[in-house]
Amino acid sequence: MQNDLFGTLTETPSREEIAEGAVLLRGFALTEEDALLVDIALVAEAAPFRNMVTPGGFTMSVAMTNCGRAGWVSDRRGYRYATDDPLSGKPWPAMPDSFLILAQSAAAAAGYPAFAPDACLVNRYVPGTRLTLHQDKNEKDFAQPIVSVSLGLPATFQFGGMERTEKVTRYRLEHGDVVVWGGPTRLRFHGVLPLKDGLHSSLGATRINLTFRKAM
Ligand code: MD3
Ligand code: FE
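Let me begin by describing the structure that accompanies this report.

Conventions adopted
Residues numbered from 1 in each chain as written. Chains lettered and ligands numbered in written order. Predicted model: local features only at pLDDT ≥ 70, side-chain atom pairs only at ≥ 80, totals over all residues. Heavy atoms only, no water. Helix = DSSP H or I, 4+ residues; strand = E, 2+ residues; numbered from the N terminus. Rg over C-alpha atoms; globule rule 2.2 N^0.38 Å. Buried < 20%, exposed > 50% of the residue type's maximum accessible area, 1.4 Å probe, protein only. Contact = heavy atoms within 4.5 Å. Areas by Shrake-Rupley, 256 points an atom, 1.4 Å probe, with all protein chains shown as cover. Lys, Arg positive; Asp, Glu negative; His and termini not counted. Charge placed at Lys NZ, Arg CZ, Asp CG, Glu CD. 1 Å grid on protein atoms, 1.4 Å probe; cavity = no way out; pocket = protein on both sides within 12 Å on 5 of 7 lines; lining within 4 Å. Points joined across faces, edges and corners; volume = space filled by probe spheres on them. Nonpolar A, V, L, I, M, F, W, Y, C, P; charged D, E, K, R; others polar. Phe/Tyr/Trp six-rings, centres within 6.5 Å; stacked < 30°, edge-to-face > 60°. Pairing = 2+ DSSP bridges. Axes fitted to C-alpha atoms, helices over the stretch in contact; angles between N-to-C directions. Donors = N, O, S within 2.8 Å, 3.2 Å for Na, K, Ca; no water. Expected span 1.5 Å × (residues − 1). Arc of directions from axis to C-beta.

### Some details on the overall build of the protein
Link 1 in the chain: On a plain count of helices and strands, the protein comes out with two helices and 15 strands.
Link 2 in the chain: A globule of 216 residues ought to have a C-alpha radius of gyration of about 17 Å, and the protein, at 17 Å, matches this closely.
Link 3 in the chain: Dimensions of the protein, computed from the C-alpha atoms along their principal axes, are close to 60 × 40 × 40 Å.
Link 4 in the chain: By residue count, 49% of the 216 residues in the protein fall in the buried class.
Link 5 in the chain: In the protein, 71% of the contacts between residues at least 6 apart in sequence involve partners at least 24 apart.
Link 6 in the chain: About 10,800 Å² of surface is accessible on the protein, with carbon and sulfur atoms providing 55% of the total.
Link 7 in the chain: Each charge class in the protein can be summarised by its mean position, and for the 22 positive and 23 negative side chains these summaries are 9 Å apart.

Written out as structure tokens, the structure reads:
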């Protein structure tokens, strides 16, 4: 706890290195919550959430949209980044200032002062939605970290190793938590267990995750 000159007691923002290069910043996004929720709604108005299809033909349970110069897409042809939304044929909406400022200040707090994301994948979970173990390797430069921001209902995040079969560590990610994934963790397997039922005071029965990437 800190006691500032007005006598206000505030929690010191927590910073935990959960693996070499990965830093968990609990509550880092809380002060920006209102702006983030407004901007998520604006992004989704321009580029609606949709359930993409994997190359194997399965419809993902996570609903997704993107903003920034590049967006992550999946269809029967594969996973890739694209500058246009395949639903509209138009460029993805621009990255809102609130998103960019948050991502860059979190990256700087974690030791990555030069992070310049050009893509933000917005994932929407409802109870039962999950994300099976995978690696993020469609980006061009793995020296750049990924910044993830959790909002709404809590989720159990699985953090594995460099091979799918390695044991996983579980972390509960809550509203406002930010994780910066860099260094040797950048290519580790990870996933999200099926979201449990619940109601969040500002997002209802929903979890939203923002992941910021330097894709192109
Ligand atoms: C560890 N999203 O969008 S965020 C994804 O909660 C994704 O929606 C999850 O995995 C979600 O690709 C997890 C945490 C995360 C994101 C990227 C990582 C962890 C990561 C990349 C490398 C290692
Ligand atoms: Fe991922």
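### Examining the layout of surface pockets
Link 1 in the chain: The volume enclosed by the largest pocket comes to roughly 880 Å³.
Link 2 in the chain: For the largest pocket, the lining is made up of 40 residues, of which Met60, Leu131, Thr132, His134 and Asp136 are closest to its centre.
Link 3 in the chain: Secondary-structure elements contributing two or more residues to the lining of the largest pocket are strand E7 (78-82), strand E8 (119-125), strand E9 (131-134), strand E10 (146-152), strand E11 (155-159), strand E14 (190-192) and strand E15 (207-213).
Link 4 in the chain: Tallied by class, residues from the lining of the largest pocket come to 18 nonpolar, 13 polar and nine charged.
Link 5 in the chain: Of the volumes computed, that of the second largest pocket is approximately 180 Å³.
Link 6 in the chain: The wall of the second largest pocket is formed by Leu153, Pro154, Ala155, Thr156, Arg172, Leu193, Pro194, Leu195, Lys196, Asp197 and Gly198.
Link 7 in the chain: Looking at the lining of the second largest pocket, its residues break down into six nonpolar, two polar and three charged.

### What about the packing of aromatic side chains?
Link 1 in the chain: In this structure the tally under the stated criterion is five aromatic pairs.
Link 2 in the chain: Plain terms: the ring middles of Phe99 and Phe212 are 6.0 Å apart, the flat faces sit at 90 degrees to each other, and that makes the pair edge-to-face. Linking Phe99 in helix H2 (residues 97-109) with Phe212 in strand E15, this pair joins segments that are 113 residues apart in sequence.
Link 3 in the chain: For Phe99, a relative accessible area of 0% gives the class buried.
Link 4 in the chain: An angle of 55 degrees between the planes, with centres 5.0 Å apart, marks the rings of Phe159 and Trp181 as tilted. With Phe159 in strand E11 and Trp181 in strand E13 (residues 178-181), this residue pair connects regions lying 22 residues apart in the sequence.

### What about the sheet that holds E9?
Link 1 in the chain: The four strands are arranged E9-E14-E11-E12 in an open sheet whose pairing can be described as antiparallel. Looking at which strands have only one partner, the edges of the open sheet turn out to be E9 and strand E12 (169-173). Across the sheet, the mean angle separating the axes of adjacent strands is 20 degrees when strand polarity is ignored.
Link 2 in the chain: Inspection of the sheet shows E11 paired to E14 by three bridges, in the antiparallel sense. When the sheet's bridge partners are listed, Phe157 is paired in E14 with Val192.

### Looking at the sheet that holds strand E3 (residues 16-19)
Link 1 in the chain: Ordered in space as E3-E4-E13-E10-E15-E8-E5, the seven strands form an open sheet in which the pairing is antiparallel. Looking at which strands have only one partner, the edges of the open sheet turn out to be E3 and strand E5 (63-68). Averaged over all pairs of adjacent strands, the angle between their axes in this sheet comes to 20 degrees, without regard to strand direction.
Link 2 in the chain: Note: E5 against E8, six bridges, orientation antiparallel. Its bridge partner lying in E8, Ala63 is registered against Arg124.
Link 3 in the chain: Along the sheet, H2 makes contact with strand E4 (22-25), E5, E8, E10, E13 and E15, crossing E10 at roughly 120 degrees.

### Digging into the coordination of the iron ion (ligand 2)
Link 1 in the chain: His134 (NE2), Asp136 (OD) and His190 (NE2) make up the full set of protein donors to the iron ion (ligand 2), lying at 2.0 to 2.2 Å.
Link 2 in the chain: Of the residues examined, Asp136 reaches a relative accessible area of 8% and is grouped as buried.
Link 3 in the chain: Given a relative accessible area of 15%, His190 falls into the buried group.

### Section: helix H1 (residues 33-46)
Link 1 in the chain: With 14 residues, H1 ought to run about 20 Å at 1.5 Å a step, and its terminal C-alpha atoms sit 20 Å apart, in line with that.
Link 2 in the chain: Buried within H1 are the following residues: Glu33, Leu36, Asp39, Ile40, Val43 and Ala44. Considered in projection along H1, the buried side chains sweep an arc of 140 degrees and stay on one side of the axis. Turned more than 90 degrees away from the buried face of H1, the exposed residues are Asp34, Val38 and Glu45.
Link 3 in the chain: If you follow the buried residues of H1, they end up packed against E5, H2, E10 and E15.

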